[in-house]
Amino acid sequence: MDTGAGSFVTRTDAASITDKRLLKGARARETALRRAVDIASLDGLDDVSFGRLATDTGMSKAGIQTLFRSKEVLQLATIDYAREMFIDAVVRPARKAAPGVDRLRSLIEHWFDYAKTPLFEGGCFRVANIARFDSKPGTIRDALVHNQQEWLDTIAKELRNAVESHEIAELDVDLAVFQIDSALCAANTALRLGDDDVITKVRRTVENLLQSA
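Description of the structure in this document. (Residues numbered from 1 in each chain as written. Predicted model: local features only at pLDDT ≥ 70, side-chain atom pairs only at ≥ 80, totals over all residues. Heavy atoms only, no water.)

Let's shift gears to the overall build of the protein chain. Counting secondary structure elements, the protein chain contains 9 helices and 0 strands. Element order for the protein chain, N to C, with α for helix and β for strand: α-α-α-α-α-α-α-α-α. Taken along its principal axes, the extent of the C-alpha atoms in the protein chain is 60 × 40 × 30 Å. For the protein chain, the residues scored as buried account for 43% of the 213 residues in total. Of all intrachain contacts in the protein chain linking residues separated by at least 6 positions in sequence, the fraction that spans at least 24 positions is 65%. (Helix = DSSP H or I, 4+ residues; strand = E, 2+ residues; numbered from the N terminus. Buried < 20%, exposed > 50% of the residue type's maximum accessible area, 1.4 Å probe, protein only. Contact = heavy atoms within 4.5 Å.)

Printed below as a string of structure tokens:
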């Protein structure tokens, strides 16, 4: 997964009104997007709108529209912001672990924290939205699919690292990735329903997969 997340303007210069305006706009944008990702995780991206954000944040509808220009731009920005938050919560912390099995386990453990806390009000942003757009061709679907593939590629990379370093035997990486991701998606639903025991079940599933390889 590419961790080159976009950044918001944070530089301030008391002598420059232009920079002050940039800072104010960046803060307003972040406020809007932080609420937008929660709305999308709860009710789906279709419910992310200028009016809903204005009501929820106390910002003006016109001001939000100035920041994002169209609903599609707003939705795409919401997807990107959710991606950045996911990377910060799950992918970057796992880098501290050695490539291969240790990093794969770290990714999964941080994913549990991400889903259980949860980082977004409605749980996993990806799970909440990709099913709503899987049959709707367009830029929103493309962005969601891209993020989905980044995550699958991240899991696959560590499985391949584990094979190459002889931590596990050769295995069908694509099938293993599918099994791990399916277990995590199911865990997200179970966690929303209050089943914390599902974490133990997923850990066991992953360990059985690694041991059988």
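Per the counting criterion, the structure on display carries 14 salt bridges. Close ionic contact of D46 with K136 constitutes a salt bridge, the shortest N to O distance being 3.5 Å. Taken as a pair, D46 in the loop between α1 (17-43) and α2 (50-57) and K136 in the loop between α6 (125-133) and α7 (139-164) lie far apart in primary sequence, 90 residues in all. In this structure, E158 and R103 form a salt bridge, with 3.8 Å as the shortest nitrogen-oxygen distance. Placement of the pair is E158 in helix α7 and R103 in helix α5 (residues 101-116), with a sequence separation of 55 residues. (Salt bridge = Lys/Arg side-chain N within 4 Å of Asp/Glu carboxyl O.)

Topologically, S41 is positioned in helix α1. At 2.9 Å, the side chain of S41 and the backbone oxygen of D38 are in polar contact. In this view, S41 contacts F120, E121, G122, G123, F125, A128 and N129; residues no more than four positions away in its chain are not counted. (Polar contact = N/O pair within 3.5 Å; in protein donor to acceptor, adjacent residues only side chain to side chain.)

It is worth spelling out empty space enclosed by the protein at this point. One way to see where empty space is left: roll a probe the size of a water molecule over the atoms. Taken as a whole and judged by the stated rule, the model has 1 cavity of 30 Å³ or more. Computed from the structure, the largest cavity encloses a volume of approximately 170 Å³. Along the wall of the largest cavity there are 14 residues; nearest its centre are R83, F86, F125, R126 and N147. Among the elements of the structure, α4 (71-94), α6 and α7 are those that each provide at least two residues to the lining of the largest cavity. For the lining of the largest cavity, a count of residues per class yields 10 nonpolar, 2 polar and 2 charged. (1 Å grid on protein atoms, 1.4 Å probe; cavity = no way out; pocket = protein on both sides within 12 Å on 5 of 7 lines; lining within 4 Å. Points joined across faces, edges and corners; volume = space filled by probe spheres on them. Nonpolar A, V, L, I, M, F, W, Y, C, P; charged D, E, K, R; others polar.)

Remark: α5 packs on helix α9 (residues 198-212), axes separated minimally by 12 Å, with the N-to-C direction vectors making an angle of 165°. As judged from the angle between their axes, α5 and α9 are roughly antiparallel. Both α5 and α9 take part in a crossing whose hand is right-handed. Two secondary-structure elements touch here, α5 through V101, L104, R105, I108, E109, F112 and K116 and α9 through I199, V202, R203, V206, E207 and L210. In terms of residue class, the contact of α5 with α9 is made up of 8 nonpolar, no polar and 5 charged. (Axes fitted to C-alpha atoms, helices over the stretch in contact; angles between N-to-C directions. Parallel < 35°, antiparallel > 145°, perpendicular 65-115°, else oblique. Left-handed = near helix turned anticlockwise from the far one by under 90°.)

What follows covers the environment of I87. Mapped onto the fold, I87 is located in helix α4. Exposure remark for I87: the relative accessible area of 0% places this residue in the buried category. Taking C-alpha positions, I87 is 9.5 Å from W151, a pair spaced 64 residues apart along the chain.

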